[in-house]
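The primary structure of each chain is shown beneath.
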Amino acid sequence: MTTIFGIPTALLFGQLLLGIINGAFYATLSLGLAVIFGMMNIANFAHGALYMMGAVGAWLLLNWLGVGYWPALIICPVLVGIVGIAMERLVLRRVSHLDHLYGMLLTFGLALIVQGAFRFFFGASGLPYAIPTSLTGGVNLGFIFLPYYRAWVIVASVIVCFATWFVIEKTSLGATLRAATENPKLVQAFGINVPLLIMVVYGGGAALAAFAGVLAAPILQVNPTMGADILIVIFAVVVIGGLGSIKGAIIAGFAAGILEGLTKAFYPEASTTVVFLLMALVLLVYPTGLFGSKAQASHTSVALPSLSRETPLVRWALFGAMAAALIVAPLFAYPAFLMKAMTYGLFACAFNLMAGYGKLVSFGHAMFLGTAGYVTAYAAKMWGLPPELAILAGTGCAALLGLVAGWLCTRSSGVYFAMISLALAQMVYFVALQLPQTGGEDGIQSVPRGILFGLFDLSNPTTLYGFVVVVFLGGFLFLSGLIRSPFGQVLKAIRDHEPRTQSLGFSTERYKLAAFVISAALSGLAGSTKVIVTQIASLTDVHWAMSGEVILMTFLGGVGTLYGPVVGAFIVVAMQNYLAAFGAWVTVIHGGVFVVCILAFRRGIVGEIISWLSSRGRVDTTKSSPSIQKNLIPSA
């Protein structure tokens, strides 16, 4: 048996072939994502759902209507493209005039709705889809047996990728699309319907995703979660190639697939992380990817609320009221629910430091929550450390991880920042999945709570609750003081106008990195405390879905407000507890709340209340001030 570097030739070429096939899927999916970002500047989180709709649509056509594979290869992309056009026309267009970050968050909510609805109707198990009879069998190449269908997948992907690149880069239509992206007002002045172009672009990107889904149906098990499973890898591929770059998406897609296949041959355990490792290495040299050059908007279209008449007395009164409410809350609600809500509330407040005051929305903040949880659980259970030292170890590791991730992420902004943080978080997730110390899918269970400072037995429910209240209030008070400090004021100035802040002599990169590390440390404190409460550290806390939940908490309650993330956390945790009986519909409800929040009240619950109080205060001041009333009376 011949070998290459100690690996059997058949195994090596087999994995290489699988890598090329996976690369074909990656390239086709990344292509649609790159088209939408390049033309609309939206990181389309609904792309995985559209990919899944293509695969499920092919299964429905075959099993319900008897329509075979070849017609489905055309019908499904057309139908899903129409769905994409409707999504853009009815939903996404409503936020087109705002910061593009809102489009990303809106598509995230839409993805939750679609995925939850399909899970309800089709379940979570895989649905088989037969290979068309004309493509059954294969050919023996001597060193490997190549199935005809997998060869067809490669050929079809190459054709579609080349055709899309040619249309975008080499035709007058593509030139018009690029011009409409760079200067829509000028293109509109020439009589071209720019909104129609944007709508068609989104529909075309959706059709490409559905085409990839139909290609994948005979190879993979068709199920409602297949889009979410591959979407994060696709985002990493797009970041490597450069967000918005058609050529970059194609090259990076095939390269990532081939690298993943070769890694399976030499070191299988690292095959799920190698794409994210490649992304990190590329970003060290090219912060916008290999072929990326698209600039980000430096402003936000939604003013963050502020209570202009807030005084120190009011601030301390609000804090005292919250503390008193938490102390008496166990009389009216389950302590377990309250403690979970407080840990999530601290997590949301830490995230809000970045999103609300630094205008850096991270889609990977769960890596700090989960990493700290694992370290705390391992230190308490395996090393026998007391709870205070275990929590300190977890928080410190989260801060260290925040320093490394922040150094890489804060060199970018907007959608780039969100995507890079998401890809890094997935790399941490797969590391947590592989390490034997984390317990894999079982996690670390039966974590001892211990005795705090050798005095307070945390196995006592009352003592444990009091400990969580102190940690939450202490973290909240620290953040409150930090935001009102000179550091916080500089952070707000960076958020509002970074170039102006730089012109005043402030190193904005250092301030953003410091805020990132502080946010990571406080997220780690929340994760460590949560592990002591629940006595388990699991993959759930480090999965990207947890990052989505903290975003929902923050935006629902009010991004850029002190109490908004707390309110949002309590609402989301209450929804999880009291809506659990609805099963898959919980995901739909979460997505619906997300969409309504972005469309109807972007300031969030607390933000809207603050804005209302501020407007009432201005009206009352105007009515009660004689000098103002006098100035309003026209002179004779």
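Residues numbered from 1 in each chain as written. Predicted model: local features only at pLDDT ≥ 70, side-chain atom pairs only at ≥ 80, totals over all residues. Heavy atoms only, no water.

Colleague: For this particular structure, what's the right way to read the overall build of the protein?
Modeller: Across its full length, the protein holds 25 helices and eight strands. Taking 636 residues into account, the globule formula puts the C-alpha radius of gyration at 26 Å, and the protein, at 26 Å, falls close to it. Judged by the C-alpha coordinates and their principal axes, the protein covers about 85 × 80 × 50 Å. Counting only residues that meet the buried cut, the protein has 54% of its 636 residues in that class. Summarising the internal contacts of the protein: among those between residues at least 6 apart in sequence, 80% fall at separations of at least 24. (Helix = DSSP H or I, 4+ residues; strand = E, 2+ residues; numbered from the N terminus. Rg over C-alpha atoms; globule rule 2.2 N^0.38 Å. Buried < 20%, exposed > 50% of the residue type's maximum accessible area, 1.4 Å probe, protein only. Contact = heavy atoms within 4.5 Å.)

Colleague: Would you explain unusual backbone geometry in this entry?
Modeller: As a rule of thumb, non-glycine residues mostly have phi less than zero, and peptide bonds are mostly trans rather than cis. Of note, Ser 446 is a non-glycine position whose phi angle comes to about 55°, a positive value. Relative to the helices and strands, Ser 446 resides in the loop between strand 5 (444-445) and strand 6 (451-452). Even without glycine at this site, Phe 453 takes up a positive phi of about 55°. Mapped onto the fold, Phe 453 is located in the loop between strand 6 and strand 7 (456-457).

Colleague: Explain the confidence of the model for the protein here, please?
Modeller: Low pLDDT marks regions whose predicted coordinates should not be analysed in detail. Scored by pLDDT, the protein comes out at a mean of 85, with 93% of its residues at no less than 70. In the predicted structure, residues 295-303 sits below a pLDDT of 50 and forms 21 contacts with residues beyond four places in sequence or in another chain. (pLDDT = per-residue confidence, 0-100.)

Colleague: How should the environment of Val 542 be read in this particular structure?
Modeller: Note that Val 542 resides in the loop between strand 8 (536-537) and helix 21 (544-557). Using a relative accessible area of 1% as the deciding quantity, one classes Val 542 as buried. Sequence-wise, Val 542 and Met 367 are 175 residues apart; in three dimensions their C-alpha atoms are separated by 4.9 Å. Among all residues touching Val 542, those that are not within four sequence positions of it are Ala 366, Met 367, Gly 370, Ala 425, Val 428, Tyr 429 and Ala 432.

Colleague: Got a minute to help me understand the pattern of salt bridges in this structure?
Modeller: Pairing is possible between side chains of opposite charge, provided their charged atoms come close. Counted under the stated rule, the structure contains five salt bridges. When the shortest N-O distance is used, the salt bridge between Glu 509 and Lys 512 registers 3.8 Å. Placement of the pair is Glu 509 and Lys 512 together in helix 20 (residues 508-534), with a separation of three residues, close to one helical turn. Since its relative accessible area comes to 5%, Lys 512 is described here as buried. Each of Glu 498, Glu 509 and Lys 512 takes part in salt bridges that share partners, so that together they form one network. (Salt bridge = Lys/Arg side-chain N within 4 Å of Asp/Glu carboxyl O.)

Colleague: What is the right way to look at helix 9 (residues 226-241) in this model?
Modeller: For helix 9, built from 16 residues, the straight-helix expectation of 22 Å at 1.5 Å per residue is met to within 8% by its first-to-last C-alpha distance of 23 Å. The largest bend in helix 9 comes to about 30°, at Ile 232. Counting buried positions along helix 9 gives 15 out of 16 residues, so the element sits mostly inside the fold. Positive phi appears at Gly 242, one or two residues downstream of helix 9, with a value of about 110°. (Expected span 1.5 Å × (residues − 1). Bend = angle between axes of the 7 residues up to and from the residue.)

Colleague: What should I look at first to understand the state of the cysteines in this one?
Modeller: Two cysteines joined by a covalent bond between their sulfur atoms form a disulfide. Counted by the stated rule, this structure contains zero disulfides. The cysteine Cys 597 is free of any disulfide, with Cys 349 supplying the nearest cysteine sulfur at 16 Å. (Disulfide = S-S within 2.5 Å.)

Colleague: I'm lost on the packing of helix 12 (residues 312-328) against helix 17 (residues 461-484) in this one. Help?
Modeller: Two measures define how a pair of helices packs: the angle their axes make with one another and the distance between the axes. Contact geometry for helix 12 and helix 17: axes closest at 11 Å, N-to-C directions at 165°. Considering their axes alone, helix 12 and helix 17 lie roughly antiparallel with respect to each other. At the point where helix 12 passes helix 17, the crossing takes the right-handed sense. Here Arg 315, Trp 316, Phe 319, Met 322, Ala 323 and Leu 326 of helix 12 lie close against helix 17, whose contacting residues are Tyr 465, Phe 472, Leu 473, Phe 476, Leu 477 and Arg 484. (Axes fitted to C-alpha atoms, helices over the stretch in contact; angles between N-to-C directions. Parallel < 35°, antiparallel > 145°, perpendicular 65-115°, else oblique. Left-handed = near helix turned anticlockwise from the far one by under 90°.)

Colleague: For this particular structure, what's the right way to read the packing of aromatic side chains?
Modeller: The geometry of two aromatic rings is summed up by the distance between their centres and the angle between their planes. The tally for this structure, following the rule as stated, stands at 30 aromatic pairs. Aromatic pair Phe 337 and Phe 570: ring centres 6.4 Å apart, planes at 85°, arrangement edge-to-face. Placement of the pair is Phe 337 in helix 13 (residues 335-355) and Phe 570 in helix 22 (residues 564-578), with a sequence separation of 233 residues. For the pair formed by Phe 337 and Phe 570, the shared burial category is buried. Taken together, Phe 45, Phe 108, Phe 235, Phe 363, Trp 544 and Phe 594 form an aromatic cluster joined through their ring pairs. (Phe/Tyr/Trp six-rings, centres within 6.5 Å; stacked < 30°, edge-to-face > 60°.)

Colleague: What exactly am I supposed to notice about the packing of helix 18 (residues 486-496) against helix 20 here?
Modeller: Between helix 18 and helix 20, the shortest axis-to-axis distance is 10 Å and the interhelical angle comes to 115°. Here helix 18 lies roughly perpendicular to helix 20, going by the angle between them. You can see that helix 18 and helix 20 cross each other, and the crossing is left-handed. Listed contacts from helix 20 to Phe 487, Val 490, Leu 491 and Ile 494 of helix 18 are Thr 508, Tyr 511, Lys 512, Ala 514, Ala 515 and Ile 518. Looking at side-chain class alone, the contact of helix 18 with helix 20 contains eight nonpolar, one polar and one charged residues. (Nonpolar A, V, L, I, M, F, W, Y, C, P; charged D, E, K, R; others polar.)

Colleague: Hey, could you run me through the nonpolar core in this one?
Modeller: Inside soluble globular proteins, nonpolar side chains tend to come together where they are buried. Residues Phe 45, Met 104, Met 419 and Leu 424 are the most contacted members of the largest nonpolar core, which totals 212 residues. Sequence-distant contacts of Phe 45, defined by excluding residues within four places in its chain, comprise Met 104, Thr 107, Phe 108, Ala 111, Leu 231, Phe 235, Phe 363, Met 419, Leu 422 and Trp 544. (Core = buried A, V, L, I, M, F, W, Y, C linked by side-chain atoms within 4.5 Å.)

Colleague: So what exactly am I meant to see when it comes to empty space enclosed by the protein here?
Modeller: Over the atoms, a rolled probe matching the size of one water molecule traces out where space is still vacant. Under the counting rule described, the total for this entry stands at four cavities of 30 Å³ or more. When its volume is computed, the second largest cavity comes out at roughly 50 Å³. Lining of the second largest cavity is provided by Cys 349, Asn 352, Leu 353, Tyr 357, Phe 476, Leu 479, Ile 483, Thr 561, Leu 562 and Pro 565. Residue assignment for the lining of the second largest cavity shows that the elements contributing at least two residues are helix 13 and helix 17. (1 Å grid on protein atoms, 1.4 Å probe; cavity = no way out; pocket = protein on both sides within 12 Å on 5 of 7 lines; lining within 4 Å. Points joined across faces, edges and corners; volume = space filled by probe spheres on them.)

Colleague: Would you mind showing me how to read a nonpolar patch on the surface here?
Modeller: Together, Ile 251, Leu 277, Leu 281, Leu 284, Val 285, Tyr 286, Leu 290, Phe 291 and Trp 407 make up an exposed nonpolar region whose accessible area comes to about 850 Å². Ranked by residues supplied to the nonpolar patch, first place goes to helix 11 (residues 274-285) with four residues. With respect to the helices, strands and loops of the structure, Leu 277 is situated in helix 11. (Patch = residues over 30% accessible without salt bridge, like charges linked within 9 Å, V, L, I, M, F, W, Y side chains within 5 Å. Areas by Shrake-Rupley, 256 points an atom, 1.4 Å probe, with all protein chains shown as cover.)

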